[in-house]
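So the chains spell out like this:
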Amino acid sequence: MTSTTTSHQELIRFLEDRFACAQACTECARACALRASLADPDGPEDQEKMRRKGIMCAEVCDATCRVLSEQTSLDEAAIRLQVEWCRTVALECARVFDDTPGAEDGAKSCRECAQACTDFLAILR
């Protein structure tokens, strides 16, 4: 195999993982926004915590998707930082959703997003 073929394959893998990460971030943002919208803003403390985490996760995932899907002037280090932040927030949100009855789908979306972020970060290293 030539280095040109290897480089071409690496580029394809990079683009596929970047797209998969952006797509998972979009799904996670949607699930988190939906879950947060179902929480009573004046409800018990655990509902408020779940609502705040859901909103934060939706915002971070949306921002990460934009970074990954738009032509930005961000360098690789800045992209890595954004994706690492997204992974961390998604995992935190998944743990909060785990404690919320009926939020299993939201927790699953968060974990899938975190895994897609992890996979993409492996390509960046």
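For the structure itself, consult the block above.
Structural notes, computed from the coordinates. (Residues numbered from 1 in each chain as written. Predicted model: local features only at pLDDT ≥ 70, side-chain atom pairs only at ≥ 80, totals over all residues. Heavy atoms only, no water.)

**Examining the overall build of the chain**
Scanning the chain for helices and strands turns up four helices and zero strands. Along the chain direction, N to C, the helices and strands of the chain fall in the order α-α-α-α. A principal-axis box enclosing the C-alpha atoms of the chain has dimensions of 60 × 25 × 20 Å. In the chain, which comprises 125 residues, the share counted as buried stands at 38%. Summed over its atoms, the accessible surface of the chain is roughly 7,400 Å², and 53% of this surface lies on carbon and sulfur atoms. In the chain, 15 positive and 22 negative side-chain charges are present, and the distance between their average locations comes to 2 Å. (Helix = DSSP H or I, 4+ residues; strand = E, 2+ residues; numbered from the N terminus. Buried < 20%, exposed > 50% of the residue type's maximum accessible area, 1.4 Å probe, protein only. Areas by Shrake-Rupley, 256 points an atom, 1.4 Å probe, with all protein chains shown as cover. Lys, Arg positive; Asp, Glu negative; His and termini not counted. Charge placed at Lys NZ, Arg CZ, Asp CG, Glu CD.)

**Observations regarding the environment of E84**
The topology assignment puts E84 in helix α3 (residues 76-98). As for E84 and L121, which are separated by 37 residues in sequence, their C-alpha atoms are 7.7 Å apart. Setting aside residues up to four positions removed in sequence, E84 forms contacts with L121 and R125. (Contact = heavy atoms within 4.5 Å.)

**Re α3**
For α3, with 23 residues, the first-to-last C-alpha span of 33 Å sits near the 33 Å given by 1.5 Å per residue. For α3, every residue scored as buried is listed here: I79, Q82, V83, C86, V89, A90, C93, A94, V96 and F97. (Expected span 1.5 Å × (residues − 1).)

**What to know about the packing of aromatic side chains**
In the structure shown here, the tally under the stated rule is one aromatic pair. With 5.5 Å between their ring centres and 45 degrees between their planes, F14 and F120 make a pair best called tilted. Here F14, found in helix α1 (residues 3-38), pairs with F120, found in helix α4 (residues 104-124); they are 106 residues apart in sequence, far enough to count as distant. Residue class for F120 comes out buried when judged on its relative accessible area of 0%. (Phe/Tyr/Trp six-rings, centres within 6.5 Å; stacked < 30°, edge-to-face > 60°.)

**So, the packing of α3 against α4**
At a minimum axis separation of 8 Å, α3 and α4 run at an interaxial angle of 155 degrees. As the angle between them shows, α3 and α4 are arranged roughly antiparallel. Note on packing geometry: the crossing formed by α3 with α4 is left-handed. (Axes fitted to C-alpha atoms, helices over the stretch in contact; angles between N-to-C directions. Parallel < 35°, antiparallel > 145°, perpendicular 65-115°, else oblique. Left-handed = near helix turned anticlockwise from the far one by under 90°.)

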